[in-house]
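Spelled out from the first residue to the last, the chains are:
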Amino acid sequence: MQIKEEIRGNVAVLFLKGNLMGGPEGMKVHEKIKSLLTDKLKNIVIDLSKVKWMNSSGLGILMACLTSVQKAGGNLKISGTTDKIKNLFMITKLITIFETYENVDRAVARFQTDQTN
Amino acid sequence: MHKKIHKLAMPSRIDKIEKAAFFVEKALKNLKYDPDDRDNVVIAATEAITNAIIHGNKNDPNKKVQITVEGRNDRIVIHVKDEGKGFKPNKLQNPLSPENLMRENGRGILILKSLMDHVSFDFSPTGTEIIITKFISESKTDE
């Protein structure tokens, strides 16, 4: 699992590449989120467009990330949800929990809209 | 009926789950299975394997998880066997209940059942075997 970080204004974007299926690799994502929160970066986008396989362990990692971000008073959005991944969000009803966007630009733009409203 | 079988015995280590996923993917590639559905079958298999490692074999690396990918003309059948004492499928918590929606785990069997056409469990004194089946439509195979 590769994690690339990019800061766009006051939004931190994490681009994940590889497979999100639990184990120590997946935990790195949660560690990264916690490190962003420590640095007071609370508006976060996780981009999944380069994730090939994600299973329930991967969803569990995203849930852990969401809980940490919400506890810190921040907001987490998911972008780059392919049909395969969207299907998992639908099956598990997590589509009602996570804000998902077609691509990073839209997720980041949404943060900006949220702030102006 | 034409049949191809691929077998793997792996230690119960969750850090090996990706390796197991690649094994299943490779077995499906050899079966010339439709790539659109292949990933879903791989994901379903990782759910069964993860359960076997964590819940069946309690992460004991000395205990093995046996994976068999069986390709027939019209279906893929994957067997995942652990050395655990089994569980009661009807006692599992419903991950779709509002009180469980925020939980970090408990969605594996739901995903497994949603992605595959048939799922069955075989509980025996030597362990638990989960058997998952996906039917292949004629148009999706070149065999």
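Shown above is the structure to which this text applies.
Not measured: the values here are computed from a predicted model. (Residues numbered from 1 in each chain as written. Chains lettered and ligands numbered in written order. Predicted model: local features only at pLDDT ≥ 70, side-chain atom pairs only at ≥ 80, totals over all residues. Heavy atoms only, no water.)

J.: Describe the overall build of chain B, and please don't skip the residues or the numbers.
T.: Scanning chain B for helices and strands turns up 3 helices and 5 strands. In sequence order, the secondary structure elements of chain B are arranged as β-α-α-β-β-α-β-β. Its C-alpha atoms give chain B a radius of gyration of 15 Å, within 12% of the compact-globule value 15 Å for 143 residues. Dimensions of chain B, computed from C-alpha atoms along their principal axes, come out at roughly 45 × 35 × 25 Å. Here chain B holds 143 residues, and the buried ones make up 48% of them. Sequence-distant contacts in chain B: of pairs separated by 6 or more residues, those separated by 24 or more amount to 66%. Roughly 7,500 Å² of accessible area belongs to chain B as shown, and the carbon and sulfur atoms make up 49% of that amount. Distance between charge centroids for chain B: 6 Å, based on 24 positive and 21 negative side chains. (Helix = DSSP H or I, 4+ residues; strand = E, 2+ residues; numbered from the N terminus. Rg over C-alpha atoms; globule rule 2.2 N^0.38 Å. Buried < 20%, exposed > 50% of the residue type's maximum accessible area, 1.4 Å probe, protein only. Contact = heavy atoms within 4.5 Å. Areas by Shrake-Rupley, 256 points an atom, 1.4 Å probe, with all protein chains shown as cover. Lys, Arg positive; Asp, Glu negative; His and termini not counted. Charge placed at Lys NZ, Arg CZ, Asp CG, Glu CD.)

J.: Give me the packing of helix H1 (residues 23–38) of chain A against helix H2 (residues 56–71) of chain A: which residues, what numbers.
T.: Residue and element names in this part refer to chain A. In contact at an axis separation of 9 Å, H1 and H2 are set at 10 degrees when each is read in the N-to-C sense. With respect to each other, H1 and H2 are oriented roughly parallel. Between H1 and H2, the residues in contact are Gly26, Met27, Val29, His30, Ile33, Lys34 and Leu37 and Ile61, Ala64, Cys65, Ser68 and Val69, respectively. When the residues that make up the contact of H1 with H2 are grouped by side-chain class, the tally is 8 nonpolar, 3 polar and 1 charged. (Axes fitted to C-alpha atoms, helices over the stretch in contact; angles between N-to-C directions. Parallel < 35°, antiparallel > 145°, perpendicular 65-115°, else oblique. Nonpolar A, V, L, I, M, F, W, Y, C, P; charged D, E, K, R; others polar.)

J.: Explain the pairing of strand E4 (residues 75–79) of chain A to me, using residue names and the numbers behind them.
T.: Successive residues of a regular strand alternate their side chains across the two faces of the sheet. Residues and elements named next belong to chain A. Counting buried residues in E4 gives 4 out of 5 residues, a clear majority hidden from the surface. Looking at chain direction, strand E3 (residues 43–54) and E4 are connected through 5 bridges and run parallel. Counted as the bridge partner of Asn43 is Asn75 from E4. A crossover connection joins E3 to the parallel E4 through H2; in handedness this β-α-β unit is right-handed. (Pairing = 2+ DSSP bridges. Right-handed = clockwise from strand over helix to strand, strands pointing away.)

J.: Could you give an account of the pattern of salt bridges, naming the residues involved and the relevant values?
T.: All names here are of chain A. Throughout the structure, instances matching the rule amount to 13 salt bridges over all chains. Of the charged contacts, one joins Lys77 and Asp114 as a salt bridge, the two residues approaching to 3.1 Å between their closest N and O atoms. In this pair, Lys77 is assigned in strand E4 and Asp114 in helix H4 (residues 104–116), connecting sequence segments 37 residues apart. Of the residues examined, Lys77 reaches a relative accessible area of 0% and is grouped as buried. Each of Lys77, Glu99, Arg110 and Asp114 takes part in one network of salt bridges that share partners. (Salt bridge = Lys/Arg side-chain N within 4 Å of Asp/Glu carboxyl O.)

J.: I'd like a rundown of the interface of chain B and chain A, residues and numbers included.
T.: Contacts between the two partners involve 25 residues from chain B and, on the opposite side, 26 residues from chain A. Summed over both sides, the interface of chain B with chain A buries roughly 2,200 Å², with 66% coming from carbon and sulfur. The largest per-residue losses of area from chain B upon contact with chain A belong to B:Met102, B:Glu104 and B:Arg107, which jointly make up 25% of the total buried on that side. The interface formed by chain B and chain A holds 2 salt bridges in total. Between B:Asp39 and A:Lys84 there is a salt bridge whose closest N-O contact spans 2.9 Å. One can count 6 residue pairs in polar contact (both at pLDDT 80 or more) joining chain B with chain A. Put simply, the parts of the chain that give the side of chain B that touches chain A at least two residues each are helix H1 (17–30), helix H2 (35–56) and helix H3 (108–115) of chain B. (Buried area = accessible area lost by both parts, 1.4 Å probe. Polar contact = N/O pair within 3.5 Å; in protein donor to acceptor, adjacent residues only side chain to side chain.)

J.: Which residues make up the packing of aromatic side chains, and what values go with them?
T.: We describe a pair of aromatic rings using the distance from one ring centre to the other and the angle between the two ring planes. This model, assessed by the stated rule, comprises 5 aromatic pairs over all chains. Here the aromatic rings of A:Trp53 and B:Phe22 are separated by 5.2 Å at their centres, their planes lie at 55 degrees, and the arrangement is tilted. Separated into two different chains, A:Trp53 in strand E3 and B:Phe22 in helix H1 make up a pair that spans both. We classify A:Trp53 as buried; its relative accessible area is 0%. Of the residues examined, B:Phe22 reaches a relative accessible area of 39% and is grouped as partly exposed. Aromatic pair B:Phe87 and B:Phe123: ring centres 5.6 Å apart, planes at 90 degrees, arrangement edge-to-face. Of this pair, B:Phe87 sits in the loop between strand E3 (75–81) and H3 while B:Phe123 sits in strand E4 (residues 118–124); the two residues are 36 residues apart in sequence, bridging distant segments of the chain. Taken together through their ring pairs, the aromatic side chains of B:Phe87, B:Phe121 and B:Phe123 make up a single cluster. Positioned above the aromatic ring of A:Phe15, the side-chain terminus of A:Lys4 is 5.0 Å from the ring centre. Positioned above the aromatic ring of A:Phe111 is the side chain of A:Lys77, whose terminal nitrogen or guanidinium carbon lies 4.4 Å from the ring centre. (Phe/Tyr/Trp six-rings, centres within 6.5 Å; stacked < 30°, edge-to-face > 60°. Lys NZ or Arg CZ within 6 Å of the ring centre and 35° of its normal.)

J.: Requested: an account of the environment of B:Glu25, with residues and values cited.
T.: With respect to the helices, strands and loops of the structure, B:Glu25 is situated in helix H1. The residues touching B:Glu25, leaving out its near neighbours within four places in the chain, are A:Lys52, A:Trp53, B:Arg38 and B:Val42.

J.: Which residues make up the packing of helix H3 (residues 83–91) of chain A against H3(B), and what values go with them?
T.: Direction vectors running N to C along H3(A) and H3(B) enclose 120 degrees, while the axes themselves pass 10 Å from each other. One element, H3(A), and the other, H3(B), form an angle in the oblique class. Where H3(A) crosses over H3(B), the two elements pack in a sense that is right-handed. Facing A:Asn87, A:Leu88 and A:Ile91 of H3(A), the residues of H3(B) in contact are B:Leu110, B:Ile111, B:Ser114 and B:Leu115. (Left-handed = near helix turned anticlockwise from the far one by under 90°.)

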